[in-house]
Amino acid sequence: MKRVKSACIMQTLVFSQKPELGHSRDVNLKLNRDEFAHYKHTMERTSVRYQILDESEEQDGTLVVHVRKQYNDKADVSEYFT
């Protein structure tokens, strides 16, 4: 019988705006940071354990974030989060 002992999800999230909106880089970056803050708040509200591994900004204001997060509330994640 196979059983999952521990699990986590590695994600690369890209927060960006549609280019046809014509926002400046600063406006794009603010909107993307706000969206990312909302994403983090949602994970905290639902008690999902997560860890931000890397966060970078692209030239156009796009925000690229690498996240390690809990797979579900049943799987042990202690070896991934200290």
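Here, the structure is the one placed above.
Thresholds applied
- Residues numbered from 1 in each chain as written.
- Predicted model: local features only at pLDDT ≥ 70, side-chain atom pairs only at ≥ 80, totals over all residues.
- Heavy atoms only, no water.
- Helix = DSSP H or I, 4+ residues; strand = E, 2+ residues; numbered from the N terminus.
- Rg over C-alpha atoms; globule rule 2.2 N^0.38 Å.
- Buried < 20%, exposed > 50% of the residue type's maximum accessible area, 1.4 Å probe, protein only.
- Contact = heavy atoms within 4.5 Å.
- Lys, Arg positive; Asp, Glu negative; His and termini not counted.
- Charge placed at Lys NZ, Arg CZ, Asp CG, Glu CD.
- Expected span 1.5 Å × (residues − 1).
- Arc of directions from axis to C-beta.
- Phe/Tyr/Trp six-rings, centres within 6.5 Å; stacked < 30°, edge-to-face > 60°.
- Salt bridge = Lys/Arg side-chain N within 4 Å of Asp/Glu carboxyl O.

Caption draft 1: Molecular detail of the overall build of the protein. Looking only at helices and strands, one finds 1 helix and 3 strands in the protein. Secondary structure elements in the protein, listed N-terminal to C-terminal, are β-α-β-β. Since a compact globule built from 82 residues should have a radius of gyration of about 12 Å, the 16 Å found for the protein marks it as more spread out than a globular shape. If one aligns the C-alpha atoms of the protein with their principal axes, the spans along those axes are about 55 × 25 × 20 Å. In the protein, buried positions account for 26% of the 82 residues. Long-range contacts, defined here as pairs at least 24 residues apart, represent 57% of the contacts in the protein between residues at least 6 apart. Taking the 13 positively charged and 13 negatively charged side chains of the protein as two groups, their mean positions are separated by 9 Å.

Caption draft 2: Inspection of helix H1 (residues 25–45) at higher detail. With 21 residues, H1 ought to run about 30 Å at 1.5 Å a step, and its terminal C-alpha atoms sit 30 Å apart, in line with that. Among the residues of H1, Asn28, Leu29, Asn32, Phe36, Tyr39 and Met43 are the ones counted as buried. Take H1 and look down its axis: the buried residues cluster within an arc of 95°, on one side only. Exposed residues lying more than 90 degrees from the buried face of H1 are Asp26, Lys30, His38 and Arg45. Along its buried surface, H1 packs onto strand S1 (8–15), strand S2 (50–57) and strand S3 (63–70). Directly beyond the C-terminal end of H1, a positive phi value near 60° is found at serine 47.

Caption draft 3: How the structure looks around the packing of aromatic side chains. Per the stated rule, a full pass over the model turns up 2 aromatic pairs. Centre to centre, the rings of phenylalanine 15 and phenylalanine 36 are 5.4 Å apart; their planes meet at 50°, and the pair counts as tilted. Pair noted here: phenylalanine 15 is in strand S1 and phenylalanine 36 is in helix H1, with a separation of 21 residues, a long-range link. Phenylalanine 36 sits in the buried class, given a relative accessible area of 4%. Ring pairing ties together the aromatic residues Phe15, Phe36 and Tyr39, which thus form one cluster.

Caption draft 4: Representation of the pattern of salt bridges within the structure. Under the criterion given, the structure shown has 4 salt bridges. The salt bridge partner of arginine 25 is glutamate 57, with a shortest N-O separation of 3.3 Å. Of the two residues, arginine 25 is situated in helix H1 and glutamate 57 in strand S2; the sequence distance between them amounts to 32 residues. For arginine 25, a relative accessible area of 33% gives the class partly exposed. Through salt bridges with shared partners, one network takes in Arg25, Arg33, Glu55 and Glu57.

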